[in-house]
Amino acid sequence: MGTSITSWENVTAYFTFADNPVALVLFSLGVAGIVAGLIHFIVKHEKKAFEHHK
Amino acid sequence: MTTELPYLESLQATLNAQQAAFEMHQAMNIEVFYWWCTAIMVMIHAGFLAYEMGASRSKNALAAGVKNILALAVIIPTFYLFGWWIYNAFPTGIIPVDASAALPWAQSMGPDVKDMGTGIFWAAFALFGATTGSILSGAVIERIRVSAFLMLTIVLGSGIWILAGAWGWHPDGWMLTEFGYHDVGASGVVHAIAGFFTLGVLINLGPRVGKFINGVPQKIQAHNLPMTLIGLMMIIFGFFGFLGGCIIFNGGETGWTTIYNTPTNLSAFAFNTLMGFAGGVIGCYMATRDPFWTMSGGLVGIISVAAGLDLYDPGLAFMIATGVSFIAVGAAKQLEKLGIDDAVGAVSVHGVTGVIAVILVGVFASGTPNMDGNPAISLYGQALCAFVMALLGFASGYLVSYVLKKFDLLRVPANVEDFGLDEVEVLAHPYPENVPAKNTHSTNAITKGA
């Protein structure tokens with residue numbers, strides 16, 4: 001469903017959703033969200049771990 | 001005549017087909033070259049991993065390693081999101097130019113049959129960025145919060161160094177177009193930036209507990225010096241990928257050029273990389289007779305000649321590396337006297353050496369012409385740009401770490417530092433046979449809590 005091509009003739013960018021800028025922006029936001037989520041997760045983990053060892 | 005024309009047309013068609021096949025294979029060779037440079041660069045990170053874990057005390061060994069692994073994992077996606085765009089958008093200074101093709105939603109930022117360059121160059125540059133993160137990582141071991149380190153490493157590895165790269169490496173970079181800046185092996189844009197960023201962070205982070213007693217520096221022993229030495233040698237191996245990634249493999253008749261489009265080849269890089277390595281090892285051994293510094297000398301040596309890797313006589317490269325090693329060791333001692341606890345000497349090995357390396361190109365290769373109408377190499381231009389690199393790195397590292405410190409997010413609490421980060425944060429032990437069985441319970445409790 002995400003393919004951007006219907007034929008291999010004169011194909012250029014062929015990755016999923018290559019012809020859908022909205023989807024590509026959403027994927028980028030997803031990447032940013034996962035990185036931010038990782039740091040948030042680690043901050044929470046540190047807080048709990050530090051409290052546990054007070 | 002009637003039979004010759006079809007024959008010539010057929011010959012032309014054959015030639016065209018051969019030309020197309022040749023160009024495709026040339027483009028594929030370019031991709032293959034940078035693919036393997038990137039793969040070899042991963043060894044830099046394997047080396048930093050071993051080096052930092054070995055340099056830590058055993059109570060912090062895994063925390064140092066996890067921090068380093070995560071650095072690679074956050075720099076790659078953030079470099080995809082904005083690092084590559086920064087390189088293409090800021091060559092002229094701090095006002096961005098149009099670089100929409102480098103945004104993460106551009107078609108060239110994904111599998112594209114017609115684009116055999118963007119992905120492979122992005123990958124090499126992402127690994128350069130990850131190297132800056134690893135340079136920071138070693139210096140701050142045993143007391144920085146992982147979360148703070150990751151925020152700092154994103155700023156450095158996907159932001160600051162590549163801004164310097166845009167200024168000093170991009171064909172339109174203002175350092176090149178205004179001052180003829182020459183730094184083919186990234187002594188300035190990677191090592192000086194990362195080293196001085198690290199200094200800014202270290203000032204706010206402070207020394208490890210026990211490093212200074214009544215102001216007198218103490219030696220905190222690495223728990224596994226052999227692992228550290230092997231890690232350093234792995235970094236040297238990775239440098240061949242790093243420096244290979246710094247040369248431009250051109251299509252057509254041009255052949256190899258530097259990133260400044262001046263002629264060079266891998267032979268030039270080979271002579272001076274190896275002579276720099278050897279000179280650095282000898283210099284640091286003579287200056288310290290310390291195993292850690294002897295091996296670090298290999299890094300000092302290569303970094304000291306990397307900026308002029310294409311220009312130096314190998315004998316000169318050897319002497320530069322030997323001489324700069326004494327300066328790097330002296331700088332490390334001075335920093336320690338000033339109360340800076342740089343656990344692995346990153347500020348002097350990368351920062352001080354990187355700055356000196358850039359300036360030395362101006363000393364020894366001043367007047368060497370550039371291409372495309374850019375000014376010739378000059379001592380003034382090299383010195384000015386080296387100063388800008390150091391300032392950019394230091395100011396950004398100091399400011400971001402200062403903000404983190406103000407929010408109490410920079411450093412682990414003193415009791416945690418005393419306890420050991422592995423026990424508190426990592427949920428695993430590097431050498432479990434030395435840990436009493438009762439500790440397993442507390443580890444599980446945190447796992448559930450997390």
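These lines cover the structure that appears in this document, whether it is placed above or below. Predicted model only: the values in this text are computed from it and were never measured. (Residues numbered from 1 in each chain as written. Chains lettered and ligands numbered in written order. Predicted model: local features only at pLDDT ≥ 70, side-chain atom pairs only at ≥ 80, totals over all residues. Heavy atoms only, no water.)

Quick word on the overall build of chain A
Here is the rule we go by: Put simply, DSSP marks the helices as runs of H or I at least four residues long and the strands as runs of E at least two long, and each gets a number from the N terminus on. When we talk radius of gyration, it's over C-alpha atoms, and the globule rule is simply 2.2 Å times the number of residues to the 0.38. Partly exposed describes any residue whose relative accessible area lies between the buried limit of under 20% and the exposed limit of over 50%, with all areas from a 1.4 Å probe on protein chains only and scaled to the type maximum. Two residue types count as positive, namely Lys and Arg, and two as negative, namely Asp and Glu; His and chain ends fall outside the count. Where a charge sits is defined by one atom per residue type, namely NZ (Lys), CZ (Arg), CG (Asp) or CD (Glu).
Regarding its fold elements, chain A presents one helix and zero strands. The C-alpha atoms of chain A give a radius of gyration of 20 Å, which is well past the 10 Å a tight globule of 54 residues would have. Here chain A holds 54 residues, and the buried ones make up 33% of them. In chain A, 4 side chains carry a positive charge and 4 a negative one; their mean positions are 26 Å apart.

Topic: the pattern of salt bridges
Residues and elements named next belong to chain B. Let me state the cut-off plainly: Salt bridge criterion: a side-chain nitrogen from Lys or Arg within 4 Å of a carboxyl oxygen from Asp or Glu.
Per the counting criterion, the structure on display carries eight salt bridges over all chains. The closest approach of N and O atoms between Arg143 and Asp341, which form a salt bridge, is 3.7 Å. Note that Arg143 is positioned in the loop between helix 3 (118-139) and helix 4 (146-168) and Asp341 in the loop between helix 10 (314-337) and helix 11 (346-365), a separation of 198 residues in sequence. Judged by relative accessible area, which is 0%, Arg143 ranks as buried. It is possible to trace a salt-bridge network through shared partners that takes in Arg57, Glu142, Arg143, Arg208 and Asp341.

Considerations on the layout of surface pockets
Residue and element names in this part refer to chain B. Rule in force here: Any residue with an atom within 4 Å of a point lines the site, the site being either a cavity, points on a 1 Å grid over the protein atoms alone where a 1.4 Å probe fits but cannot get out, or a pocket, an open set with protein on both sides within 12 Å along at least 5 of 7 lines. Grid points are joined across faces, edges and corners, and a volume is the space filled by probe spheres set on the points. Side-chain classes follow a simple rule in which Ala, Val, Leu, Ile, Met, Phe, Trp, Tyr, Cys and Pro form the nonpolar group, Asp, Glu, Lys and Arg form the charged group, and the remainder, Gly included, forms the polar group.
In this model, the largest pocket occupies a volume close to 710 Å³. For the largest pocket, the lining is made up of 28 residues, of which Lys211, Lys219, Trp293, Glu336 and Ala343 are closest to its centre. Listing elements by their share of the lining of the largest pocket, those giving two or more residues are helix 8 (266-288), helix 9 (291-306) and helix 10. Ranked by residue count, the leading element in the lining of the largest pocket is helix 10, at five residues. For the lining of the largest pocket, the per-class residue count stands at 15 nonpolar, five polar and eight charged. Taken as a whole, the second largest pocket spans an internal volume of roughly 440 Å³.

Looking at the interface of chain B and chain A
Note the following rule: Working rule for contacts: check all heavy atoms of both residues, and any pair within 4.5 Å makes them a contact. Buried area, as used here, totals the accessible surface that two parts lose on assembly, with accessibility defined by a 1.4 Å probe and the loss added over both. Polar contacts, as used here, are pairs of N or O atoms within 3.5 Å; protein pairs need one atom able to donate a hydrogen and one able to accept it. Residues neighboring in sequence count only if both atoms are side-chain atoms.
Residue-level contacts link 34 residues of chain B with 25 residues of chain A. Between chain B and chain A, a total of about 2600 Å² is buried, with carbon and sulfur atoms accounting for 74% of that surface. Three residues stand out in chain B for area buried against chain A, namely Trp105(B), Gln107(B) and Pro111(B), and they jointly supply 20% of the buried area on that side. Viewed at the interface, chain A and chain B are joined by one salt bridge. A salt bridge links Glu46(A) to Arg145(B), with the nearest nitrogen and oxygen atoms 4.0 Å apart. Seen at the junction of chain B and chain A, the total is eight residue pairs in polar contact (both at pLDDT 80 or more). Put simply, the parts of the chain that give the side of chain B that touches chain A at least two residues each are helix 2 (61-89), helix 4, helix 13 (414-419), helix 14 (421-426) and helix 15 (439-449) of chain B. Here the side of chain B that touches chain A is composed, by residue class, of 22 nonpolar, seven polar and five charged.

Structural notes on helix 3 of chain B
The criterion, for reference: The span expected for a helix works out to 1.5 Å for each residue beyond the first.
With 22 residues, helix 3 of chain B should reach 32 Å at 1.5 Å per residue; the first-to-last C-alpha distance of 33 Å fits that figure. Of all 22 residues in helix 3 of chain B, 20 are buried, a share of seventy percent or more.

Quick look at the packing of helix 1 (residues 4-55) of chain B against helix 2 of chain B
For any two helices packed against each other, the geometry is given by the interaxial angle and the distance between the axes. Residue and element names in this part refer to chain B. To keep it simple, the criterion reads: Only the stretch in contact is used when a helix axis is fitted, and all axes are lines through C-alpha atoms; the angle between N-to-C directions ranges over 0 to 180 degrees. Just so you know how the angles are binned, under 35 degrees is roughly parallel, over 145 roughly antiparallel, 65 to 115 roughly perpendicular, and the rest oblique. In this scheme the crossing of two helices becomes right-handed for a clockwise turn of the near helix relative to the far one and left-handed for an anticlockwise turn of less than a right angle.
The N-to-C vectors of helix 1 and helix 2 enclose an angle of 160°; their axes lie 8 Å apart at closest approach. Classified by the interaxial angle, the pair formed by helix 1 and helix 2 is roughly antiparallel. Crossing of helix 1 against helix 2: the hand is right-handed. Across from His45, Phe48, Leu49, Glu52 and Met53 in helix 1, the residues of helix 2 making contact are Ala61, Ala64, Gly65, Lys67, Asn68, Ile69 and Leu72. Of the residues that constitute the contact of helix 1 with helix 2, the class distribution is seven nonpolar, three polar and two charged.

Topic: a nonpolar patch on the surface
Residues and elements named next belong to chain B. Formally: To count toward a patch, a residue needs a relative accessible area above 30% and no salt bridge. Like charges then connect within 9 Å, nonpolar side chains (Val, Leu, Ile, Met, Phe, Trp, Tyr) within 5 Å. Using a 1.4 Å probe, accessible areas were evaluated by the Shrake-Rupley method; residue-level cover was limited to the displayed protein chains.
Side chains of Tyr7, Leu8, Leu11 and Leu15 sit close together on the surface and give an oily, nonpolar patch of about 410 Å² of accessible area. Relative to the helices and strands, Leu15 is located in helix 1. In this structure Leu15 comes out as partly exposed when scored by relative accessible area, which is 47%.

In short, the description is geometric, and any link to function would need to be established separately.
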